[in-house]
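Given next are the chains, with one letter for each unit.
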Amino acid sequence: MYQKIVILTGAGVSAESGLGTFRGKGGLWEGQRVEDVATPQAFLRNPELVQNFYNARRRMLLEQAQPNEAHLFLAEFERRFTENGGDFLLVTQNVDDLHDRAGSKHLIHMHGELLKARCTSSGKIKTCREDLTGTQWRPHIVWFGEVPLEMERIYRAIEKCDLFVAIGTSGHVYPAAGFVELAMSTCSHTVEINLETSAASSRFHEQVIGPATVSVAQYLQKLLL
């Protein structure tokens with residue numbers, strides 16, 4: 001039985017809660033080019049466009065999105081696994097708070113959080129549930145060209161884990177796309193749960209195809225028996 005588990009979640013988990021995935025047709029992200037809304041240069045060039053984009057996403061998250069069965073089961077799995085002495089870490093690439101609302105505790109938002117803002121001069125971080133304007137506060141989001149959060153802690157956990165599971169990830173975005181190689185280098189078992197084959201599928205020991213709302217519980221439930 002596994003003792004140390006690291007789970008990585010991507011946009012495919014939140015997509016079933018109605019939130020758009022990062023990589024759409026033609027490199028668009030909810031109708032916008034990534035280069036126009038998800039880089040520090042974009043914020044300097046056109047802060048109004050960037051703020052409006054994230055303001056709309058924040059409102060959608062607050063007004064419409066709810067945790068789905070995958071979020072809820074991951075929180076329940078964490079509770080039961082850790083109560084039995086297991087070591088668990090959930091790393092999400094998603095900037096929504098659906099894992100938090102579902103009850104996940106051992107959680108890292110490696111790409112930041114939509115419901116937080118960061119001061120561009122002091123670096124201070126605050127809770128943000130309202131629209132942002134101007135340049136004093138920016139979304140607390142890791143943009144392209146910036147370093148994801150808590151990477152040392154993530155790498156240490158993966159190096160020590162005996163099971164690594166990636167759920168709803170594209171396999172394109174680094175450094176997260178490289179986590180599977182790190183896990184395999186330490187002889188961890190690696191599993192991908194995805195709606196379809198991804199760019200990283202061939203690098204996993206095991207693959208489960210299907211929607212996260214069904215497949216997550218089907219796979220993880222077996223580990224609790």
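In this text, all values refer to a predicted model and were calculated from it rather than measured experimentally.

Caption draft 1: Expanded view of the environment of tyrosine 54. Tracing the sequence through the fold places tyrosine 54 in helix α4 (residues 47-63). Among the residues examined, tyrosine 54 registers a relative accessible area of 0% and is labelled buried. With 94 residues separating them along the chain, tyrosine 54 and proline 148 place their C-alpha atoms 18 Å apart.

Caption draft 2: Highlighting the pairing of strand β10 (residues 189-194). With respect to burial, β10 is a largely interior element, 5 of its 6 residues being buried. Note: strand β9 (residues 163-167) against β10, 5 bridges, orientation parallel. Each bridged residue has a counterpart across the sheet, and for valine 165 the counterpart in β10 is valine 191. At this point the chain moves from β9, through helix α8 (residues 179-185), to the parallel β10, and the crossover so formed is right-handed. Pairing analysis gives 4 bridges linking β10 to strand β11 (residues 206-209), with the strands arranged parallel. Following the sheet pairing, isoleucine 193 is matched in β11 by valine 208.

Scoring rules and cut-offs
Residues numbered from 1 in each chain as written. Predicted model: local features only at pLDDT ≥ 70, side-chain atom pairs only at ≥ 80, totals over all residues. Heavy atoms only, no water. Helix = DSSP H or I, 4+ residues; strand = E, 2+ residues; numbered from the N terminus. Buried < 20%, exposed > 50% of the residue type's maximum accessible area, 1.4 Å probe, protein only. Pairing = 2+ DSSP bridges. Right-handed = clockwise from strand over helix to strand, strands pointing away.

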